[in-house]
Structure formats: structure tokens, C-alpha cells
Amino acid sequence: MMNNSQLPGLYVHVPFCGSKCPYCDFYSVTPRSQMGQWMAALEGEISLYKDRFPVFDSLYVGGGTPSLLDEQTLTSLIKGIFHGFAISPDAEVTMECNPDDVTPGKAVLFRSLGVNRISLGVQSLDDKELGFLQRRHSASQAERALACLQRAGFDNVGIDLIYGLPGQIQSDWCETLDRALEFEPAHLSCYELTISAGTPFARMRDEGVFAPLEEEEGRALFLATAQYLADRGYIHYEVSNFAKEKKFMCHHNRKYWKRTPYLGLGPSAHSFAHGERWWNVRSVSQYCEHIFKGRSPVEGSEKLSQDQASLESLALGFRTKEGLDETLFQNRPQAHKIITELCESGLVSREDGRILPTPKGFLVADSLPLLFY
Ligand code: SF4
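A quick note: this is a predicted structure, and the numbers were derived from the prediction, not measured.

## Structural notes on the overall build of the protein
Alright, step 1. When helices and strands are tallied, the protein shows 13 helices and 15 strands.
Alright, step 2. Over its C-alpha atoms the protein spans a radius of gyration of 21 Å, differing by no more than 12% from the 21 Å that the globule rule assigns to 373 residues.
Alright, step 3. Seen through its C-alpha atoms, the protein measures out along the principal axes to roughly 55 × 45 × 45 Å.
Alright, step 4. The 373 residues of the protein split such that 39% are buried.
Alright, step 5. Sequence-distant contacts in the protein: of pairs separated by 6 or more residues, those separated by 24 or more amount to 71%.

## Quick word on the domain arrangement of the protein
Alright, step 1. Taken as a whole, the protein is organised into domain 1 (9–257) and domain 2 (308–372).
Alright, step 2. Computed from C-alpha atoms alone, the centre-to-centre distance between domain 1 and domain 2 is 29 Å.
Alright, step 3. Between domain 1 and domain 2, the residue contacts involve 10 residues of the former and 9 residues of the latter.
Alright, step 4. When contributions to the side of domain 1 that touches domain 2 are tallied by element, the ones reaching two or more residues are α8 (215–231) and β7 (235–238).
Alright, step 5. Split by residue class, the side of domain 1 that touches domain 2 holds 7 nonpolar, 1 polar and 2 charged.

## Here's the deal with helix α9 (residues 251–258)
Alright, step 1. The set of residues buried in α9 consists of His-251, His-252, Asn-253, Arg-254 and Lys-255.
Alright, step 2. Just downstream of α9 lies Arg-259, where phi reads positive at about 60 degrees.

## A closer look at the site of the ligand
Alright, step 1. Taken together, the residues surrounding the ligand are Cys-17, Lys-20, Cys-21, Cys-24, Phe-26, Ser-28, Gly-63, Gly-64, Thr-65, Asn-98 and Gly-121.
Alright, step 2. Tallied by class, residues from the shell around the ligand come to 4 nonpolar, 6 polar and 1 charged.

## Side note on the sheet that holds strand β15 (residues 354–357)
Alright, step 1. Pairing within the open sheet is antiparallel, and its 3 strands lie in the order β13-β15-β14. Across the chains shown, the open sheet's two edge strands, defined by having one partner strand only, are β13 (324–325) and β14 (348–351).
Alright, step 2. Along the sheet, helix α12 (residues 335–344) contacts β14 and β15; its crossing angle with β14, the most-contacted strand, is approximately 115 degrees.

## Notes on unusual backbone geometry
Alright, step 1. With an omega of 20 degrees, the peptide bond running from Gly-63 to Gly-64 counts as cis.
Alright, step 2. Along the chain, Gly-64 turns up in the loop between β2 (56–63) and α2 (71–84).
Alright, step 3. Backbone geometry places Glu-184, a non-glycine residue, at a positive phi of 45 degrees.
Alright, step 4. For Glu-184, the position within the fold is in the loop between α6 (170–181) and β6 (187–192).
Alright, step 5. Positive phi, close to 50 degrees, is recorded for His-274, a residue that is not glycine.
Alright, step 6. When you line up the elements, His-274 lands in the loop between β10 (270–273) and β11 (276–280).

## Some points on the pairing of β6
Alright, step 1. Sheet analysis places strand β5 (residues 157–163) next to β6, joined by 6 bridges and oriented parallel. Each residue of the ladder has a partner; that of Leu-161, found in β6, is Cys-190.
Alright, step 2. Tracing the backbone out of β5, into α6 and back to the parallel element β6 gives a crossover that is right-handed.
Alright, step 3. As judged from the 3 bridges shared by β6 and strand β8 (residues 241–243), these two strands associate in the antiparallel manner.

## Quick word on the packing of helix α1 (residues 35–49) against helix α10 (residues 284–292)
Alright, step 1. Contact geometry of α1 with α10 gives a least axis separation of 9 Å together with a crossing angle of 50 degrees. Here α10 runs oblique to α1, going by the angle between their axes. For the crossing formed where α1 meets α10, the hand is left-handed. Here Gln-37, Trp-38, Ala-41, Gly-44 and Glu-45 of α1 lie close against α10, whose contacting residues are Val-284, Tyr-287, Cys-288, Ile-291 and Phe-292.

## Quick notes on the nonpolar core
Alright, step 1. Membership of the largest hydrophobic core comes to 76 residues, with the highest contact counts inside it found for Leu-59, Ile-118, Leu-120, Leu-149, Val-157, Leu-161 and Leu-188.
Alright, step 2. In this view, Leu-188 contacts Gly-158, Ile-159, Leu-161, Ala-180, Leu-229, Tyr-234 and Phe-242; residues no more than four positions away in its chain are not counted.

## Structural notes on the pairing of strand β12 (residues 298–303)
Alright, step 1. In terms of burial, β12 is a largely surface element, 0 of the 6 residues being buried.
Alright, step 2. The pairing of β11 with β12 spans 5 bridges and is antiparallel. Looking across to β12, one finds that Asn-280 is bridged to Val-298.

## What about the environment of Trp-173?
Alright, step 1. Checked against the element boundaries, Trp-173 lands in helix α6.
Alright, step 2. Judged by C-beta crowding, with 23 C-beta atoms within 10 Å, Trp-173 ranks as buried.
Alright, step 3. Spatially, the C-alpha atoms of Trp-173 and Ser-305 are 42 Å apart, while their sequence positions differ by 132 residues.
Alright, step 4. Discounting residues that sit within four places of it in the chain, Trp-173 has contacts with Tyr-163, Gln-168 and Leu-221.

Calculation rules
- Residues numbered from 1 in each chain as written.
- Predicted model: local features only at pLDDT ≥ 70, side-chain atom pairs only at ≥ 80, totals over all residues.
- Helix = DSSP H or I, 4+ residues; strand = E, 2+ residues; numbered from the N terminus.
- Rg over C-alpha atoms; globule rule 2.2 N^0.38 Å.
- Buried ≥ 20, exposed ≤ 12 C-beta atoms within 10 Å, placed from the backbone.
- Contact = placed C-beta atoms within 7 Å.
- Domains from an automatic or database assignment.
- Nonpolar A, V, L, I, M, F, W, Y, C, P; charged D, E, K, R; others polar.
- Near = placed C-beta within 6 Å.
- Pairing = 2+ DSSP bridges.
- Axes fitted to C-alpha atoms, helices over the stretch in contact; angles between N-to-C directions.
- Right-handed = clockwise from strand over helix to strand, strands pointing away.
- Parallel < 35°, antiparallel > 145°, perpendicular 65-115°, else oblique.
- Left-handed = near helix turned anticlockwise from the far one by under 90°.
- Core = buried A, V, L, I, M, F, W, Y, C linked by C-beta atoms within 7 Å.

The structure is reproduced here in C-alpha cells:
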């Protein structure tokens with residue numbers, strides 16, 4: 001599915017994982033004892049929003065690790081969402097999966113529940129790298145999961161990969177890419193390993209257990225990835241995202257980049273509508289407590305000023321292949337001169353009244369908007 005719909009998207013956060021990966025700073029917990037409570041609380045949150053969003057045309061079940069839910073819980077979850085909200089019949093319905101959870105039975109179940117897109121957390125197809133990342137699966141398990149999803153009839157499978165591991169050189173990374181490409185995935189997300197404060201990897205780096213790649217090496221890998229995948233026909237439509245065809249660009253994630261409204265449910269989930277952003281408490285216990293006591297689980301909100309909103313639009317535009325309409329720069333002093341300089345340095349190009357970032361531009365996408373302020 002590929003369209004420019006302004007209909008909102010729905011995100012549901014499943015806050016459970018089999019184990020905690022040392023680089024991850026998403027909110028998730030490993031004990032599953034609260035799963036029943038979380039499900040009950042989610043039902044409560046669904047009813048809070050029941051009539052506030054007329055129809056969604058994307059559903060993204062992420063986390064955490066949604067695929068670790070047992071078949072009964074998964075069925076109640078998806079059925080509960082479809083029962084609680086109007087989801088358009090041609091909606092993109094994505095489920096994040098980890099390879100070790102994918103069995104032929106579950107793959108068939110996903111499809112029967114209306115899931116039509118899988119985002120598979122492969123991260124690497126090298127067992128040593130998977131060991132370093134402390135993933136729960138091996139390369140061959142990931143390959144089996146991919147084959148299994150394809151056999152179940154999924155034509156829209158996205159593979160998530162991480163590059164820029166300590167000591168990784170281009171040929172190691174390209175080997176993982178090559179093995180992934182053998183499955184002709186509809187979509188690839190390639191994220192550079194980032195060491196976020198407070199994660200076990202941050203501590204290990206500080207203790208000298210490993211040395212992260214130099215910034216320049218990471219940049220070289222990014223540009224190599226862009227070229228490698230472009231040469232194989234993939235569309236580099238966002239800094240970290242590549243689609244085999246336009247129709248496989250992630251419709252849900254594009255809403256985030258286009259500032260289309262979305263509703264996020266579950267602990268730590270973020271929402272955006274009518275120029276306002278709000279977010280839920282992170283902790284599963286607090287989330288459940290709020291709902292069970294009849295209170296909203298929203299922890300905070302912000303309304304962006306006109307200036308903040310336009311800075312954000314620029315920032316998001318520079319992260320996507322679609323870029324920005326030139327008219328957005330009309331009233332900005334020096335804009336013409338700055339854009340000409342960016343074109344000369346190969347960071348953007350001009351096409352049909354739009355400013356389009358190049359892969360080199362993607363590398364500095366976050367700093368480009370500030371040039372106009
Ligand atoms: S499985 Fe995914 S969400 Fe869970 S800890 Fe690992 S990276 Fe984070």
C-alpha cells in the first residue's frame with residue numbers, strides 16, 4: 001500500500017521482551033507476569049479513545065516483542081483492536097516479530113488475524129555479531145523465519161538490520177546484506193548501532209569492553225549501504241529505510257515523517273493530533289494502575305508553536321526522499337543562497353519545485369533545518 005492519506009495511524013505498544021538487548025532503549029520488561037493486566041488495561045485505554053478517531057488506515061503493533069505473545073493473547077489483542085476501532089479494510093497492518101518466535105503456526109495465525117506486513121528484527125546474519133548484540137536467535141533461525149513467513153504468504157516482510165558494530169568492516173556488513181537480499185525482502189531498515197545513555201552497552205563502552213566505530217567509519221558504512229541497495233533497485237525513501245517498490249514503503253511510519261495524526265496505545269506510547277503531542281507513562285504497573293483507577297495514562301503533552309512546528313516539518317522533510325516544497329523556504333532570509341550552497345556541496349538537489357536530500361544529505365539531515373533559522 002502506498003498513498004498519501006491523511007487518515008490517522010494506530011500504534012499499539014506491547015511492552016514485553018524475552019530478554020533485554022544491551023543496546024536497546026525502547027521501553028520493555030522481561031517478566032511476563034503483568035501480561036494479563038496489561039491486556040485488560042489496554043482494553044480500557046481503547047475505550048477511552050473509542051469515538052475520538054473515526055477511522056485508521058494503518059495499525060502497527062510494535063514493542064517490545066509482540067510476537068512473543070501466545071496465540072490466545074495475540075488473537076484477543078488484534079480482535080480487541082479491530083473491535084474497538086474502525087480500521088479501513090485496506091489498512092496496512094504491521095506486526096513486529098523476532099525470528100525466534102516465528103513458527104509456521106504463528107505465521108498462519110498472523111495472516112488469519114489480518115496482519116499483512118511483518119517487520120522482522122533480524123539485526124545481523126552473522127552469528128558472531130548476533131552474539132555481540134546478545135540476540136536470542138542465530139542467523140539460520142532468522143533465515144528459517146523469513147522462509148516461514150514467505151511460505152505463509154507474506155509478500156510484505158521488512159528486515160531490520162544493525163550496522164556499525166565495533167570492528168565491522170564493509171565486507172562483513174555487505175555479507176549480511178547479501179544474505180538478507182537472497183530473500184528479496186519488500187523492505188529493509190538499516191540502523192547504525194547507537195550507544196544510548198543508560199544502556200548496558202554504554203556502560204561496557206565506558207569500561208573499555210569495546211570501542212565503538214569512529215564517526216567517519218559509520219558515515220562510510222551509511223553511504224556504502226545507500227549505494228549498495230540503490231544498485232540493487234531499492235528505493236532509499238528515508239534515512240534508514242529502503243523499499244523494493246513504492247508500494248512497500250511503510251505507510252504507517254510515513255505518517256510520523258509527514259506529521260499525519262497517530263494514536264499510540266500502551267505504556268510509553270506517543271500520540272499526535274491537532275498539533276498536539278502526548279505520551280503515556282512508561283511503566284507497565286503505573287499504566288495499569290492509572291487505567292484501573294479510571295485515570296488517563298497520559299504523562300505529558302505539548303503543543304508546538306508555529307515556529308517549532310515548521311522547524312519540525314523541515315527536520316522531517318530533510319529525512320525523507322520526498323524532501324520539501326521550495327515554497328516552505330519563501331520567507332526565510334538567505335534561503336536561496338543556503339539552498340544553492342547545499343546543492344553545490346551535493347547534500348540536496350532541486351527537482352520540480354522540491355528540495356530533495358541526497359544520501360550525503362541524509363547523513364546530516366538533523367543539522368540542515370538549523371541553517372534556515
Ligand atoms: S527485542 Fe527489540 S525491543 Fe526487545 S530489548 Fe531487544 S531490541 Fe529492545
